[in-house]
Amino acid sequence: MTSPRTLAARHPRYPVTREIDEQTHLGEVYMRSLIRTQFRLALFVCTVLGCVVGGLPLLFLLVPELREVRLLGVPLPWAVLAGLIYPAFVAGAWLYVRQAERNERHFAELVDRER
């Protein structure tokens, strides 16, 4: 196919990685986008865990019958605090790492696609 546009000189495009390495305005926009995404993820995970941990005392306050329940001879509030909070933190950390790595993969794909 012949066209006068094919003979026109093409402007060399810098890869996005070069923009990031040289800390240009475009590179800053890309990095800010990644950092903002990771920050939103961290706020989400911390908010969910904070609501779970902060909601437990409220639950035991609003439903006093739960304070009297015993689980394997241990009062339910103590069992929940000792046995269920730590797995919730581990699950939150696992979710954060998994989603953060996914965000970084998407960012790397975006950067590579722009080449």
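Keep in mind the model is a prediction, meaning the values are calculated, not measured.

## Things to note about the overall build of the chain
Point 1. What the chain contains, in helices and strands, is 4 helices and 2 strands.
Point 2. Listing each helix as α and each strand as β along the chain from the N terminus yields α-α-α-β-β-α.
Point 3. Taking the intrachain contacts of the chain between residues at least 6 apart in sequence as the baseline, contacts between residues at least 24 apart amount to 61%.
Point 4. Carbon and sulfur atoms make up 65% of the accessible area of the chain, which totals about 9300 Å².

## Quick look at the nonpolar core
Point 1. With 5 residues, the main nonpolar core is built from Leu 56, Phe 60, Leu 76, Val 80 and Ile 85.
Point 2. When residues of this core are traced back to their parent elements, those giving at least two are helix H2 (25-62) and helix H4 (76-113).
Point 3. Ranked by residue count, the leading element in this core is H4, at 3 residues.

## Quick look at the UniProt feature "transmembrane region" (unreviewed entry) in the chain
Point 1. Per the UniProt annotation, the sites labelled "transmembrane region" (unreviewed entry) are residues 41-63 and 75-97.
Point 2. Annotated as residues 41-63, this span is 96% helix and 0% strand, and its ends, taken at the C-alpha atoms, are 32 Å apart.

## What to know about a nonpolar patch on the surface
Point 1. Taken together, the side chains of Phe 44, Val 48, Val 52, Val 53, Tyr 86 and Phe 89 make up a nonpolar region of the molecular surface, amounting to roughly 550 Å² of accessible area.
Point 2. Within the secondary structure, Val 53 is located in helix H2.
Point 3. Residue class for Val 53 comes out partly exposed when judged on its relative accessible area of 33%.

## Some details on the environment of Arg 70
Point 1. In this fold, Arg 70 is placed in strand S1 (residues 70-71).
Point 2. One polar contact links the side chain of Arg 70 to the main-chain carbonyl oxygen of Gly 73, over a distance of 3.1 Å.

## Here we look at unusual backbone geometry
Point 1. Of note, the phi angle at Leu 72 is positive, near 55 degrees, even though the residue is not glycine.
Point 2. Turning to its location among the elements, Leu 72 is positioned in the loop between S1 and strand S2 (74-75).
Point 3. On the accessibility criterion, Leu 72 (85% relative accessible area) is exposed.

## Remarks on the side chain of Gln 38
Point 1. Locating Gln 38 in the fold gives a position in helix H2.
Point 2. For Gln 38, a relative accessible area of 13% translates into the label buried.
Point 3. A polar contact of 3.3 Å, which involves the side chain of Gln 38, links it to the backbone oxygen of Ala 100.
Point 4. Only 3.4 Å separates the side chain of Gln 38 from the side chain of Glu 104, close enough to count as a polar contact.
Point 5. Not counting the four nearest positions on each side in its chain, Gln 38 is found in contact with Tyr 96, Ala 100, Asn 103 and Glu 104.

Cut-offs and rules
Residues numbered from 1 in each chain as written. Predicted model: local features only at pLDDT ≥ 70, side-chain atom pairs only at ≥ 80, totals over all residues. Heavy atoms only, no water. Helix = DSSP H or I, 4+ residues; strand = E, 2+ residues; numbered from the N terminus. Contact = heavy atoms within 4.5 Å. Areas by Shrake-Rupley, 256 points an atom, 1.4 Å probe, with all protein chains shown as cover. Core = buried A, V, L, I, M, F, W, Y, C linked by side-chain atoms within 4.5 Å. Buried < 20%, exposed > 50% of the residue type's maximum accessible area, 1.4 Å probe, protein only. UniProt positions renumbered as here; feature names shortened; annotations may be inferred. Patch = residues over 30% accessible without salt bridge, like charges linked within 9 Å, V, L, I, M, F, W, Y side chains within 5 Å. Salt bridge = Lys/Arg side-chain N within 4 Å of Asp/Glu carboxyl O. Polar contact = N/O pair within 3.5 Å; in protein donor to acceptor, adjacent residues only side chain to side chain.

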